[in-house]
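Residues per chain, in single letters:
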Amino acid sequence: MTMRTTSRTVTFIHPFNLSGIDKEQPAGTYTVETDEELLQALSLPAYKRISTLIRLPARPRSTMVTQIVEINPQELAAAPTRDAQPDETIPQLMRGASVVRRKNKASRMEIIREGWQHWVTLNANDLTWTALVFGGVLLTSWLMRG
């Protein structure tokens with residue numbers, strides 16, 4: 001099994017909180033690592049995400065230099081957008097609800113359009129493979145006809 005790890009940085013302007021992290025984290029730049037494994041059954045190299053990790057600075061009065069926490073990649077993908085627009089939904093540590101909606105004047109169509117664009121962004125790799133497989137099936141059936 002071939003594995004690869006990619007590393008990138010994410011900068012937050014405001015304090016943030018993600019599921020899997022105990023406390024609200026201060027604004028700053030964080031390192032995010034994604035572990036992926038190579039899918040052997042395909043002719044083209046394709047990778048499947050195994051885990052997404054974020055490096056957090058050490059807590060005060062802690063013996064650890066850094067803390068590494070596994071996080072939800074979809075939640076991380078939405079976090080910078082939420083961070084740049086503080087009047088949108090923001091995570092709050094509350095009982096029974098993890099997100100508090102602030103007053104927003106966006107129409108339903110704008111909300112649906114933003115959600116659709118976000119979904120396509122997160123699933124672009126899967127959509128590409130689906131289109132390639134579908135095109136391959138169509139090409140094969142066309143070639144077998146004639």
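The structure contained in this document is the topic of the report that follows. (Residues numbered from 1 in each chain as written. Predicted model: local features only at pLDDT ≥ 70, side-chain atom pairs only at ≥ 80, totals over all residues. Heavy atoms only, no water.)

1. Some details on the side chain of Glu-36
Here comes step 1: Along the chain, Glu-36 falls in strand β2 (residues 28–38).
Here comes step 2: Separated by 2.7 Å, the side chains of Glu-36 and Arg-4 make a polar contact.
Here comes step 3: In contact with Glu-36, not counting residues within four places along its chain, are Thr-2, Met-3, Arg-4, Thr-6, Tyr-47, Lys-48, Arg-49 and Ile-50. (Helix = DSSP H or I, 4+ residues; strand = E, 2+ residues; numbered from the N terminus. Polar contact = N/O pair within 3.5 Å; in protein donor to acceptor, adjacent residues only side chain to side chain. Contact = heavy atoms within 4.5 Å.)

2. Quick notes on the sheet that holds β2
Here comes step 1: One open sheet accounts for four strands, arranged β1-β2-β3-β4; its pairing is antiparallel. With one partner strand each, in any of the chains shown, β1 (3–12) and β4 (66–70) form the two edges of the open sheet. Shown here is a sheet whose adjacent strand axes are inclined to one another by a mean of 25°, direction ignored.
Here comes step 2: Sheet analysis places β1 next to β2, joined by 10 bridges and oriented antiparallel. (Pairing = 2+ DSSP bridges. Axes fitted to C-alpha atoms, helices over the stretch in contact; angles between N-to-C directions.)

3. Overview of the pairing of strand β3 (residues 47–57)
Here comes step 1: The sheet contact formed by β2 and β3 spans eight bridges and is antiparallel. Across the sheet, Glu-37 pairs through a bridge with Lys-48, a residue of β3.
Here comes step 2: Bridge analysis of β3 against β4 gives five bridges, and the strand direction is antiparallel. Looking at the pairing, Ile-54 lines up with Val-69 of β4.

4. Comments concerning the pattern of salt bridges
Here comes step 1: Here the structure, examined in full by the defined rule, presents two salt bridges.
Here comes step 2: A salt bridge links Glu-36 to Arg-4, with the nearest nitrogen and oxygen atoms 2.7 Å apart. In this pair, Glu-36 sits in strand β2 while Arg-4 sits in strand β1, placing the two residues 32 residues apart along the sequence.
Here comes step 3: When its relative accessible area of 14% is taken as the criterion, Glu-36 is described as buried.
Here comes step 4: For Arg-4, a relative accessible area of 36% puts it in the partly exposed group.
Here comes step 5: Glu-33 is the salt-bridge partner of Arg-55, the closest N and O atoms lying 3.2 Å from each other. Here Arg-55, found in strand β3, pairs with Glu-33, found in strand β2; they are 22 residues apart in sequence, far enough to count as distant.
Here comes step 6: A relative accessible area of 33% places Arg-55 in the partly exposed class. (Salt bridge = Lys/Arg side-chain N within 4 Å of Asp/Glu carboxyl O. Buried < 20%, exposed > 50% of the residue type's maximum accessible area, 1.4 Å probe, protein only.)

5. Digging into the packing of aromatic side chains
Here comes step 1: In total, this model carries three aromatic pairs according to the counting rule given.
Here comes step 2: Between Phe-12 and Tyr-30 the ring centres are 6.1 Å apart and the planes differ by 70°, which places this aromatic pair in the edge-to-face class. Within this pair, whereas Phe-12 is found in strand β1, its partner Tyr-30 is found in strand β2, the two being separated by 18 residues in sequence. Across the pair, Tyr-30 and Phe-12 agree in class, each one buried.
Here comes step 3: Ring plane angle 85° and centroid distance 5.0 Å describe the contact between Phe-16 and Tyr-30, whose orientation is recorded as edge-to-face. Remark: Tyr-30 occurs in strand β2 and Phe-16 occurs in the loop between β1 and β2; sequence separation between them is 14 residues. Side by side, Phe-16 and Tyr-30 carry an identical accessibility label, which is buried.
Here comes step 4: Here the aromatic cluster, defined as three or more aromatic residues joined through ring pairs, consists of Phe-12, Phe-16 and Tyr-30. (Phe/Tyr/Trp six-rings, centres within 6.5 Å; stacked < 30°, edge-to-face > 60°.)

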